[in-house]
Amino acid sequence: MGLLPLERMNQRITTDRSDSDSALFNSLLLKGELIAKLTTAGFVAVVQEDTDRHKYTHLHQLVRADGLGGWTDVLDALLIGPSSQLLPQNARAAHVQLTKNEAVESWQHRAVELLNECLRCIDPTTPQLGNRIQGRQWFRDFATLRNRTRGHGAARPSTLSDACPSLEESLGLMEKNLGILNQPWAYIRQNLSGKYRVTYWMATSDAFEELKRTEDKRLPEGVYVDLGDLHQVELIESDADASDVWLVNGKFTEKNHELLSYFTDNTKKRDSSPYLQPVQPLPPSETEGLGRLDLSGNTFTNLPPVPSGYVPRRDLESQLREQLCITDRHSVVTLTGYGGIGKTSLALAVINDLMERDSCPYDVAIWFSARDVDLLTDGPKLVRTKGVTIRDFAAEYIKLTEPSMVESGDKKTRVEDYLATQMGVDSEHTGLFVFDNFETTSSPLELYQWIDTYVRPPNKVLITSRERRFTGDYAVQVNGMNRDECYSLIDSVAALRGMGKVLNENYKTQIIDESRGHPYVIKLILGELVRNKHQRKVERIIADQDRVLDALFERSYNRLAPAAQRAFLTLCNWKSSVPRVALEAVLIRPKNEIMNVDSAIDELLDLSFIEEFGRDTSESDVWLTVPLSARVFGNKKLRVSPSSVAIKADSEFLQLFGAVNQRNNLQRVEPRVHRMFAEAARRIEKRHIELDDVVPILEYVSGKFSVGWIFMAELLEEFGEPNDQGQILEYLMKYVENPNSQSYPASQVWRRIAMIHEAFGGLNEALDALVQVTRQPDASVDELSDIANQINGLLRKNAINPSWDKYVKDALIQDAANEMENNLENLNADDCSRLAWLYMNIGDKYNARRVASLGLDREYDNQHCERLIERLEGNWRC
């Protein structure tokens, strides 16, 4: 079987063949366009990212190409232009097919020759082919044929009829032999469970099959081609059912561009925003390393200066400085946190300060920057990325240090090895290597593993990243500024911009609270205040910053697994801090697709989309909250999410827990559990929700907070069916099975269990439940006496019941008697009579007389003890 889009196209050709030769010729031209676009899209997909953004340049051209000529221009650039050096090794065979000079006997020459015959049918002046051609000529000649017929020509039907056989044979040769079209292609989609659904377009492959068994990889949904690694083909769209295939088809505007299905003629629109960036060279970043090594103290470095207006963050600076001064361990240190939270500024401040000290342990400090966006006060600005691959950084190191051992002719193959040596135990100098904006490198995981493999003490690597997946040997988490630091930042910006008249203390407090101490968000708010000369609601200011939100979150959001995206949007839709257990409960309810919620939440924490509080107090009192800027971004995504209806339903269940809007109002979660059940009961009673819908959520919460089982039993007693007693008993048993149950007296629960068992004839179980009350460590004498009275009453009512198991019954009664014996000195006469009757019920008349006599000693005229002794004496005489 061939590639799926071409197979579908062949079906259309079969249909049009029976219509007319003109219809057949038209379909063959469409197939040729499809082959040209699939080939070009495949080569663009496998081009490696580089600092000159060649791949983006090609994509920029293709989404704007309104004719096939634009596609052939890009294909030529991919095959023989600078981009050809960026093709991976596994694509070389496909590349050679189209760039090698081929002789007459080759399939490439035959395919071009047949196309040349078609052209001569249309235009007899078309020159003959030479003895050698390159395969890429086929695409240029096909574009010419297409333009002279379907595009701008008016060929006669007889001419088209004569051209059809040659054209069809030529297309068949290309379809059968083009390497890029005969690799494994597939459409992949990650389910909420974390597993991938793979819809093959051609042959299977190990890489695609591995996706079905893993949850670790994060690949966006889409079409992929396997050339050793999986490469997304972003110029093509389809779906998991392969219902249709659309390719980019021009008609570009700033809002959208067109995609076309070549075998159904259906079109659709796609967002153009990813392709609005300029292709011209970008300016350097403000934090790009210097192009030379300067001496700072006793250290050679290319570090840029500390950004102006930096506000010291003493605690974080002290923590990072301590780790950088340690050279015998913690070889990889990471600074993680939100975009714009101040990681880069913190690193520069600490390292520059360290180099000025005589105690600095480093001979050289190298700054590698992968930053592609500068977050400026007037918004994010695109900048030139200095490096994105291991080779980029190694080449930069060699350029800075100019080592004589690396000969110019050998640099291409030895640059990575040389950097690895300088980071390892054989390095000549103690070095600090800083990788800034680590998450924007072309393959962060591969780069991290390379660093971890080669760095050795006393050398050290410092990574700044938005992702906590790269925690290294020691991680410093950079969160928002504390209040004093926020005030310092606000006051310094206000003084610089003359904002004293429009900035009062109440608004400062509002800025700090709403921004959660995020320095970049604070600067944006203050910048808006300068421009408008009046105060606006902070949330409204952030909501207006579309470019800022995209710069802070878009890239990381696209890397989230579907389950993590779902969890994030659910939190954004409910404007409140949420107990972690609450989010887990609503997301695993049966009406949702199965997903790994724990993994989703952890991923959101790793990528700094949400914050977690309370774990240092208790594992069960963990709260999740979404900072304002992230929530506003999430709400924008929520408006276009296909899961918005399900997310709204999840949010309605979250409302059962109530709203907590401020971090400092967070409390223990357990009291919220009682509120949740009370609210659920209220909504069930008013028929706003059904009991069956809410039970799985409440059961999950009860598994985390055992007091919930008590409330589950009460809810079922109130709204359940008469035959739910077995389920009620199961809930009550789950509570008493928990050894840490302290919220609700276990003795009362055992009494309820005994009552239910007795009502349904479970006499042994009822007796066991009553005896369990006496075993509770906090059972009082009064409680023991009361239980003994209940046991005796149960035995009287069921004296001849055939369901009794005498051995079990006597053993349980003996246990209850022993518990009372342990408190014998505190028993009054009535208590003694009840204990004596326990002995009577197991036939122990000796102990019954002994305890009854003790009761009379304590109250000489106690009627219960007197009657028991009289009965014993009467039985004795008998």
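Residues numbered from 1 in each chain as written. Predicted model: local features only at pLDDT ≥ 70, side-chain atom pairs only at ≥ 80, totals over all residues. Heavy atoms only, no water.

K.L.:
Go over the overall build of the protein, please, and point to the residues and values.
P.N.:
The number of helices and strands found in the protein is 35 helices and 22 strands. A globule of 878 residues ought to have a C-alpha radius of gyration of about 29 Å, yet the protein, at 38 Å, is considerably larger. Taken over the C-alpha atoms alone, the protein extends approximately 135 × 80 × 60 Å along its principal axes. Evaluated residue by residue, the protein yields a buried proportion of 54% over its 878 residues. In the protein, of all internal contacts separated by at least 6 residues, the share reaching a separation of at least 24 is 67%. Accessible surface, the protein as shown: approximately 39700 Å² in total, 46% of it carbon and sulfur. Charge separation in the protein, taken as the distance between the mean sites of 103 positive and 128 negative side-chain charges, equals 5 Å. (Helix = DSSP H or I, 4+ residues; strand = E, 2+ residues; numbered from the N terminus. Rg over C-alpha atoms; globule rule 2.2 N^0.38 Å. Buried < 20%, exposed > 50% of the residue type's maximum accessible area, 1.4 Å probe, protein only. Contact = heavy atoms within 4.5 Å. Areas by Shrake-Rupley, 256 points an atom, 1.4 Å probe, with all protein chains shown as cover. Lys, Arg positive; Asp, Glu negative; His and termini not counted. Charge placed at Lys NZ, Arg CZ, Asp CG, Glu CD.)

K.L.:
If you had to explain the packing of aromatic side chains to someone new, which residues and values would you point to?
P.N.:
A complete count under the given rule lists 19 aromatic pairs for this structure. Arranged with centres 5.9 Å apart and planes meeting at 90 degrees, the rings of Tyr 200 and Phe 208 form a pair that is edge-to-face. Ring centres of Phe 368 and Phe 435 lie 5.0 Å apart, and the angle between their planes is 40 degrees; this geometry places the pair in the tilted category. Of this pair, Phe 368 sits in strand 14 (residues 364-369) while Phe 435 sits in strand 17 (residues 431-436), placing them 67 residues apart in sequence. Taken individually, Phe 368 and Phe 435 each receive the classification buried, so the pair is uniform in this respect. Through pairs of rings, three or more aromatic residues link up here, namely Phe 553, Tyr 557, Phe 568, Phe 609 and Phe 633. Across from the ring centre of Phe 252, 4.0 Å away, lies the NZ or CZ of Arg 64, which sits over that ring. The ring of Trp 709 has Lys 734 sitting right over it, with the charged end atom 5.2 Å from the ring centre. (Phe/Tyr/Trp six-rings, centres within 6.5 Å; stacked < 30°, edge-to-face > 60°. Lys NZ or Arg CZ within 6 Å of the ring centre and 35° of its normal.)

K.L.:
Outline the nonpolar core, listing residues and values.
P.N.:
Residues Phe 568, Phe 609, Ile 610 and Ile 791 are the most contacted members of the largest nonpolar core, which totals 162 residues. At eight residues, helix 27 (residues 707-719) tops the list of elements feeding residues into this core. Setting aside chain neighbours within four positions, we find Phe 568 in contact with Tyr 557, Leu 604, Phe 609, Ile 610, Val 626, Ala 630, Phe 633 and Gly 634. Among the nonpolar cores identified, the runner-up in size contains 80 residues, and Ile 13, Met 174, Trp 246 and Leu 247 belong to it. (Core = buried A, V, L, I, M, F, W, Y, C linked by side-chain atoms within 4.5 Å.)

K.L.:
Quick one: what's the story with the sheet that holds strand 13 (residues 332-336), residue by residue and with numbers?
P.N.:
The seven strands are arranged 11-12-14-17-18-13-19 in an open sheet whose pairing can be described as mixed. Each edge of the sheet is formed by a strand with only one pairing partner; in this case those strands are strand 11 (294-296) and strand 19 (474-477). Strand-to-strand twist in this sheet, taken as the mean axis angle between neighbours without regard to direction, amounts to 20 degrees. Taken together, the two bridges between strand 12 (residues 299-301) and strand 14 define a ladder with parallel strand orientation. Within strand 14, the position partnered with Thr 301 by the bridge is Ala 365. (Pairing = 2+ DSSP bridges. Axes fitted to C-alpha atoms, helices over the stretch in contact; angles between N-to-C directions.)

K.L.:
Please set out the pairing of strand 15 (residues 373-376) residue by residue, giving values where relevant.
P.N.:
Direction of pairing for strand 15 relative to strand 16 (residues 379-382): antiparallel, over a ladder of four bridges. Within the sheet, the bridge partner assigned to Leu 376 lies in strand 16 and is Gly 379. Between the antiparallel neighbours strand 15 and strand 16 lie two residues.

K.L.:
Which residues make up the packing of helix 25 (residues 670-685) against helix 26 (residues 691-704), and what values do they have?
P.N.:
Interaxial distance between helix 25 and helix 26 falls to 11 Å at its minimum, and their mutual angle equals 175 degrees. By the angle between their directions, the pair helix 25 and helix 26 is classed as roughly antiparallel. Between helix 25 and helix 26, the residues in contact are Val 673, Met 676, Phe 677, Ala 680 and Ile 684 and Leu 691, Val 694, Leu 698, Val 701 and Ser 702, respectively. Taken together, the residues that form the contact of helix 25 with helix 26 break down as nine nonpolar, one polar and no charged. (Parallel < 35°, antiparallel > 145°, perpendicular 65-115°, else oblique. Nonpolar A, V, L, I, M, F, W, Y, C, P; charged D, E, K, R; others polar.)

K.L.:
Go over the environment of Leu 419 with me, naming the residues and quoting the values.
P.N.:
By secondary structure assignment, the location of Leu 419 is in helix 13 (residues 411-423). Not counting chain neighbours up to four residues away, the residues in contact with Leu 419 comprise Phe 393, Ala 394, Tyr 397, Phe 433 and Trp 450.

K.L.:
Residue-level account of the sheet that holds strand 20 (residues 578-579), with values.
P.N.:
Strand pairing in a sheet is mediated by backbone hydrogen bonds. Such pairs are either parallel or antiparallel. Read from one edge to the other, the open sheet built from three strands follows the order 20-22-21, with strand pairing classed as antiparallel. Edge positions in the open sheet fall to strand 20 and strand 21 (611-613), since each of these has one partner strand only. With three bridges joining them, strand 21 and strand 22 (residues 623-625) adopt antiparallel strand pairing. Looking at strand 22, one finds that Phe 613 is bridged to Trp 623.

K.L.:
Describe helix 24 (residues 644-654), listing the residues and the values that go with them.
P.N.:
What helix 24 keeps buried is the set Ile 647, Asp 650, Ser 651, Phe 653 and Leu 654. For helix 24, the arc enclosing every buried residue in end-on projection is 155 degrees, short of the 170-degree limit, so these residues lie on one face. Away from the buried face of helix 24 by more than 90 degrees, exposed residues Val 645 and Lys 648 are located. (Arc of directions from axis to C-beta.)

K.L.:
Please set out the pattern of salt bridges residue by residue, giving values where relevant.
P.N.:
Overall, the coordinates contain 53 salt bridges when judged by the stated rule. The partner of Glu 169 in a salt bridge is Arg 110, and the shortest N-O contact between them spans 3.6 Å. A residue pair is termed long-range when its members are at least 10 positions apart, and Glu 169 in helix 8 (residues 157-177) and Arg 110 in helix 6 (residues 107-122) qualify at 59 residues. By relative accessible area, Glu 169 is classed as partly exposed at 40%. For Arg 357, the salt bridge identified is with Asp 353, shortest N-O distance 2.9 Å. Residue Arg 357 is classed as partly exposed on the basis of its relative accessible area of 37%. Counted as one network, the salt bridges with shared partners bring together Arg 580, Glu 584, Asp 598, Asp 602 and Glu 612. (Salt bridge = Lys/Arg side-chain N within 4 Å of Asp/Glu carboxyl O.)

K.L.:
Report on helix 30 (residues 763-774), specifying residues and quantitative values.
P.N.:
The terminal C-alpha atoms of helix 30 lie 17 Å apart, and with twelve residues this matches the ideal 16 Å at 1.5 Å per residue to within 8%. Most of helix 30 sits out of view: ten of its twelve residues are buried. Those residues of helix 30 that fall on the buried side of the exposure criterion are Leu 763, Asn 764, Ala 766, Leu 767, Ala 769, Leu 770, Val 771, Gln 772, Val 773 and Thr 774. (Expected span 1.5 Å × (residues − 1).)

Honestly, that's just the spatial picture; any functional story needs more than this.
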